[in-house]
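The chain contents come next:
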Amino acid sequence: MFGFSQTAFEGSPINTCLSVVGTGSACQWIKRGSMASFHRDPTGAIVLDSVDSSARTAPYFQTDFNLTHEIPVSRTHEAMRLKFEANISNLFNNRDATAFNENVIATGLINPTRASRFSGTRARIGPRS
């Protein structure tokens, strides 16, 4: 006996996350559901070049194959059989990505600075009086 199974998915959305103050798990999304291209200028500032609103991984396809062979071991007991089975995953060796690392700055965090027009303000804690 033999069998095939086919798996097919449309591409997954690719996002861009810039890690922000304090933790790599806090994201500043460029635009949710979009992939941004950007670079750093000589001063170290991040400059946005373009935004792809429909960025997705390639469609995912995988074909698996299954082969089973049974051999009777006894003429008197038909229930006694020797069974061999082989399963081959990804038969055609498709190499489709299913996800991408959306954190684009792996070496550090973005530390926002306060604009100069706020240089004299202080943080207020508690209700306004």
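Residues numbered from 1 in each chain as written. Predicted model: local features only at pLDDT ≥ 70, side-chain atom pairs only at ≥ 80, totals over all residues. Heavy atoms only, no water.

**As for the overall build of the protein**
Phase 1: Broken down by element type, the protein carries 0 helices and 7 strands.
Phase 2: Sequence-ordered secondary structure for the protein, helices as α and strands as β, is β-β-β-β-β-β-β.
Phase 3: Across the 129 residues of the protein, 15% fall into the buried class.
Phase 4: Sequence-distant contacts in the protein: of pairs separated by 6 or more residues, those separated by 24 or more amount to 53%.
Phase 5: With an accessible surface of roughly 10400 Å², the protein has 55% of that area assigned to carbon and sulfur atoms. (Helix = DSSP H or I, 4+ residues; strand = E, 2+ residues; numbered from the N terminus. Buried < 20%, exposed > 50% of the residue type's maximum accessible area, 1.4 Å probe, protein only. Contact = heavy atoms within 4.5 Å. Areas by Shrake-Rupley, 256 points an atom, 1.4 Å probe, with all protein chains shown as cover.)

**Points about a nonpolar patch on the surface**
Phase 1: Taken together, the side chains of Phe 2, Phe 4, Leu 67, Ile 88, Leu 91 and Phe 92 define a hydrophobic patch exposed on the protein surface, amounting to about 630 Å² of accessible area.
Phase 2: Turning to its location among the elements, Phe 4 is positioned in strand 1 (residues 2-9). (Patch = residues over 30% accessible without salt bridge, like charges linked within 9 Å, V, L, I, M, F, W, Y side chains within 5 Å. Salt bridge = Lys/Arg side-chain N within 4 Å of Asp/Glu carboxyl O.)

**Description of the environment of Gln 28**
Phase 1: One can find Gln 28 in strand 3 (residues 27-29).
Phase 2: Placed 11 residues apart in sequence, Gln 28 and Cys 17 show a C-alpha to C-alpha distance of 5.7 Å.
Phase 3: With residues up to four places along the chain from it excluded, the contact list for Gln 28 reads Thr 16, Cys 17, Leu 18 and Val 20.

**Concerning the pairing of strand 5 (residues 46-52)**
Phase 1: Sheet topology note: the strand 4 (residues 35-40)/strand 5 ladder contains 6 bridges and is antiparallel. Across the sheet, the residue bridging to Arg 40 is Ile 46, located in strand 5.
Phase 2: Linking two consecutive strands that pair antiparallel, namely strand 4 and strand 5, is a turn of 5 residues; a positive phi of about 95° is found at Gly 44 within it. (Pairing = 2+ DSSP bridges.)

**Focus: the sheet that holds strand 6 (residues 60-72)**
Phase 1: Across the sheet, which stays open at both edges, the 3 strands sit in the order 1-6-7 with antiparallel pairing between neighbours. Pairing within the sheet leaves two strands with one partner each, and these edge strands are strand 1 and strand 7 (81-88). The average angle at which neighbouring strand axes cross in this sheet is 15°, direction not considered.
Phase 2: Across 8 bridges, the pairing between strand 1 and strand 6 is antiparallel. Paired with Thr 7 across the bridge in strand 6 is Gln 62. (Axes fitted to C-alpha atoms, helices over the stretch in contact; angles between N-to-C directions.)

**A closer look at the packing of aromatic side chains**
Phase 1: Scanning all chains against the criterion turns up 4 aromatic pairs.
Phase 2: An aromatic cluster of three or more residues is present, and its members are Phe 2, Phe 4 and Phe 65. (Phe/Tyr/Trp six-rings, centres within 6.5 Å; stacked < 30°, edge-to-face > 60°.)

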